[in-house]
There are 2 protein chains.
Amino acid sequence: MTQQPASRSRRERPAKPALSREWIISTTIDIMLSEGLDKATMRRVAQSLDTGPASLYVYIANTAELHSAVLDELIGTLIVSSSGSWSERLERLLDEYRELLFTYPGLAKSALAIRPSGPHSLIFIDSLLGLLLEGGMESARAAWAVDLLMLYVTANAAEHSVPAASDIEAPVDRESTWTTLSTAIGNADPAVAPRVAAHGPALLGGTPAQRWTWAIGTLIAGAAIVPVPPAAKA
Amino acid sequence: MTQQPASRSRRERPAKPALSREWIISTTIDIMLSEGLDKATMRRVAQSLDTGPASLYVYIANTAELHSAVLDELIGTLIVSSSGSWSERLERLLDEYRELLFTYPGLAKSALAIRPSGPHSLIFIDSLLGLLLEGGMESARAAWAVDLLMLYVTANAAEHSVPAASDIEAPVDRESTWTTLSTAIGNADPAVAPRVAAHGPALLGGTPAQRWTWAIGTLIAGAAIVPVPPAAKA
DNA sequence: ACCTGAACACCGTTCAAGT
DNA sequence: ACCTGAACACCGTTCAAGT
């Protein structure tokens, strides 16, 4: 339980080790890394463990729980940097989380469905909360802001990790999705969507990094000025 | 194309009408309404249309495109109210969108993956943009704010529409997910997650409606004060 | 040209039967 | 008690063959 974080690369596979929750989770992470979340199915994981899928159900309730456990494990690898202002450390931590979700394509989508809730996630939430409190944010607002920030990071990653499957056979699709949206905006009929037609470039402008920084800044600045309804406070 | 919005309830089924993109989409909506997005599969839709799944591929490229088309169709039913301040109208419009995504469980998750981009979505984006501009927001910021607002609404809905499948056999699961998170927060060890332990009630406090209103307000207020990098402007 | 039966290559989950 | 083979009930997508 409190051993070191699951090593994510073990080349030597000691001939059929005993099945266990930990072993199943780390095998799942291996598969996710090399083949994507889509391939990290009960069947595929079982195959990697030289057994049938039914065996996994002794340790894990269902696919959602497996993915949830994997996410918690990975969140355990994030660390709060110790230098810089609270806002720098906060942005860096969120950036690490974003990167994590980008590294494991498809995991973000799971994260939305399952709400990180394991022991490692609790520590992560604690860190975010601590940084906002350090920044002087009122406690009730900081709590809600943590939620909002995590939701944004997850949604942002989920949106950018679209393909997940079929990236071997149809790498075109990702591009064409983008193209569809931007040409739709570019070609917007001023009679039907006048503001989009007029402000098209602004809608599409900026680098992903610029938009990310702006969004995080916006969330924090907004949370700092919008009060939480008094009744909702502890 | 510019007929009335796809009627979502047609009890009389004129014996095997000709297959068409429109007919496929409206049938999919029917199924989604009555059985959830999970059941709106190519196979199930084909079955409702008295044909094999292969036939759908004449009109629709794949499942993602089908869901994308459905979402655009539904977004076409949203209307901007004509009374009230810009911010009241904005919040009402976003609320309609949120409600739409809640009504069709699972659709929100699709919306994240596919980025609403059809003709109806373009008009919706145009309305949001118009309201922010009316509120005096600078154009580049308003454009990015539209993105952020839509992302939040979608993510929020995706998070709350968890079960989607298996809601007949395991209605317990939704409850237990919540319970898991709140008990985890409630029982947080002060030694390992001191801030969570101390501010637990704040993390869990407020009604969904309060949190929703606060979040939307936070996003708009934040966008109004955080400037977009000059290089990113049109 | 338009449509589709049948097949291919997968899924998650359960449960009776084995050790 | 613990584990699992085999089955159940599904998927998306393709393609050769029919009309």
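Since the structure is predicted, the reported quantities are computational estimates derived from the model, not experimental observations.

A few points about the overall build of chain A
Point 1. Across its full length, chain A carries ten helices and zero strands.
Point 2. Traced from its N-terminal end to its C-terminal end, chain A shows the element sequence α-α-α-α-α-α-α-α-α-α.
Point 3. For chain A, buried positions account for 46% of its 234 residues.
Point 4. If you take every contact in chain A between residues at least 6 apart in sequence, the share linking residues at least 24 apart comes to 65%.
Point 5. Of the accessible surface of chain A, which amounts to about 11,000 Å², a share of 56% is contributed by carbon and sulfur atoms.

Topic: the confidence of the model for chain A
Residues and elements named next belong to chain A.
Point 1. Here chain A shows a mean pLDDT of 84. Residues at 70 or above account for 82%.
Point 2. The low-confidence segment residues 1-15, where pLDDT is below 50, has 14 contacts with residues more than four positions distant or belonging to other chains.
Point 3. Below pLDDT 50 for its whole length, residues 163-176 participates in seven contacts with residues either more than four positions away or in separate chains.

Comments concerning the interface of chain B and chain A
Point 1. At the junction of the two partners, chain B supplies 66 residues and chain A supplies 66 residues.
Point 2. Buried area between chain B and chain A, summed over both chains or domains, comes out near 5,600 Å², and the portion from carbon and sulfur atoms is 73%.
Point 3. If you look at where chain B meets chain A, you find six salt bridges.
Point 4. Between Arg115 of chain A and Glu159 of chain B there is a salt bridge, and its shortest N-O distance comes to 3.1 Å.
Point 5. On the surface where chain B and chain A come into contact, there are 14 residue pairs in polar contact (both at pLDDT 80 or more).
Point 6. Those elements that place two or more of their residues in the side of chain B that touches chain A are helix H5 (107-114), helix H6 (119-134), helix H7 (139-160), helix H8 (172-186), helix H9 (194-204) and helix H10 (208-225) of chain B.

Digging into the protein's contact with DNA strand D
Point 1. What surrounds DNA strand D is a group of 14 residues, the closest being Ala54 and Ser55 of chain A together with Thr41, Arg43 and Tyr57 of chain B.
Point 2. Here, DNA strand D places atoms within 4 Å of the protein, and 55% of those atoms are sugar or phosphate.
Point 3. Between DNA strand D and Thr63 of chain B, the relevant distance is 3.1 Å, taken from a phosphate oxygen to a main-chain nitrogen or oxygen of the residue.
Point 4. For the surface near DNA strand D, the residue count by class is seven nonpolar, five polar and two charged.

A closer look at the domain arrangement of chain A
All names here are of chain A.
Point 1. In terms of domains, chain A is made up of domain 1 (21-60) and domain 2 (82-163 + 200-232).
Point 2. Note on domain 1 versus domain 2: buried area summed over both sides is about 440 Å², and carbon and sulfur give 73% of it.
Point 3. Among the residues domain 1 hides against domain 2, the three largest losses belong to Met32, Leu33 and Leu37. Together they make up 79% of the total.
Point 4. Summed over the shared surface of domain 1 and domain 2, the result is zero salt bridges.
Point 5. Taken together, domain 1 and domain 2 are joined by zero residue pairs in polar contact (both at pLDDT 80 or more).
Point 6. A per-class count over the side of domain 1 that touches domain 2 returns four nonpolar, no polar and no charged.

So, the packing of H5 of chain B against H7 of chain B
Residues and elements named next belong to chain B.
Point 1. Remark: H5 packs on H7, axes separated minimally by 7 Å, with the N-to-C direction vectors making an angle of 140 degrees. Taken together, the axes of H5 and H7 lie oblique to each other. Seen from above, H5 lies across H7 with left-handed handedness. Touching Ala108, Lys109, Ala111 and Leu112 of H5 are Leu151, Thr154, Ala157 and Ala158, all from H7.
Point 2. Split into classes, the residues belonging to the contact of H5 with H7 amount to six nonpolar, one polar and one charged.

Describing the packing of aromatic side chains
Point 1. Applying the stated criterion across every chain, the model contains six aromatic pairs over all chains.
Point 2. Here Trp214 of chain A and Trp144 of chain B contribute two aromatic rings whose centre-to-centre distance is 5.6 Å and whose plane-to-plane angle is 80 degrees, an arrangement assigned as edge-to-face. With Trp214 of chain A in helix H10 (residues 208-225) and Trp144 of chain B in helix H7, this residue pair bridges two chains.
Point 3. Relative accessible area serves as the criterion here: at 4%, Trp214 of chain A is assigned to the buried category.
Point 4. Relative accessible area serves as the criterion here: at 3%, Trp144 of chain B is assigned to the buried category.

A short note on the relation of the copies chain B and chain A
Point 1. For the match of chain B to chain A, the screw axis carries a shift of 0.0 Å, the RMSD comes to 0.0 Å, and the turn is 180 degrees. Expressed as an axis order, the relation between the two copies is that of a two-fold axis. Identified as the residue of chain B closest to the rotation axis by C-alpha distance is Gly222 of chain B, at 1.9 Å.
Point 2. Take the interface residues of chain B: 98% of them recur as interface residues in chain A, which is what a same-surface contact looks like.

Describing the protein's contact with DNA strand C
Point 1. Taken together, 14 residues are adjacent to DNA strand C, and Arg43 and Tyr57 of chain A together with Ala54, Ser55 and Tyr59 of chain B come closest.
Point 2. Near-protein atoms of DNA strand C (within 4 Å) split between backbone and bases, with sugar and phosphate holding 55%.
Point 3. The contact in question runs from a phosphate oxygen of DNA strand C to an N or O atom on the side chain of Thr41 of chain A, over 3.4 Å.
Point 4. A distance of 3.1 Å is found between a phosphate oxygen of DNA strand C and a side-chain nitrogen or oxygen belonging to Thr51 of chain B.
Point 5. Split into classes, the residues belonging to the surface near DNA strand C amount to seven nonpolar, five polar and two charged.

Some words on the nonpolar core
Point 1. Ranked by size, the top nonpolar core spans 150 residues in total, and within it Tyr97, Leu101 and Trp214 of chain A together with Tyr97 and Trp214 of chain B carry the most contacts.
Point 2. Beyond its immediate chain neighbours, meaning those up to four positions away, Trp214 of chain B contacts Arg141, Trp144, Ala145, Leu148, Ala223, Val226, Pro227 and Val228 of chain A.

Here we look at the environment of Ala215 of chain B
Point 1. Along the chain, Ala215 of chain B falls in helix H10.
Point 2. Residues contacting Ala215 of chain B, with those up to four places away along its chain left out, are Leu148 of chain A together with Tyr152 of chain B.

Each value, and the rule that gives it
Residues numbered from 1 in each chain as written. Chains lettered and ligands numbered in written order. Predicted model: local features only at pLDDT ≥ 70, side-chain atom pairs only at ≥ 80, totals over all residues. Heavy atoms only, no water. Helix = DSSP H or I, 4+ residues; strand = E, 2+ residues; numbered from the N terminus. Buried < 20%, exposed > 50% of the residue type's maximum accessible area, 1.4 Å probe, protein only. Contact = heavy atoms within 4.5 Å. Areas by Shrake-Rupley, 256 points an atom, 1.4 Å probe, with all protein chains shown as cover. pLDDT = per-residue confidence, 0-100. Buried area = accessible area lost by both parts, 1.4 Å probe. Salt bridge = Lys/Arg side-chain N within 4 Å of Asp/Glu carboxyl O. Polar contact = N/O pair within 3.5 Å; in protein donor to acceptor, adjacent residues only side chain to side chain. Near = heavy atom within 4 Å. Nonpolar A, V, L, I, M, F, W, Y, C, P; charged D, E, K, R; others polar. Domains from an automatic or database assignment. Axes fitted to C-alpha atoms, helices over the stretch in contact; angles between N-to-C directions. Parallel < 35°, antiparallel > 145°, perpendicular 65-115°, else oblique. Left-handed = near helix turned anticlockwise from the far one by under 90°. Phe/Tyr/Trp six-rings, centres within 6.5 Å; stacked < 30°, edge-to-face > 60°. Least-squares fit on C-alpha atoms with pLDDT ≥ 70 in both. Core = buried A, V, L, I, M, F, W, Y, C linked by side-chain atoms within 4.5 Å.

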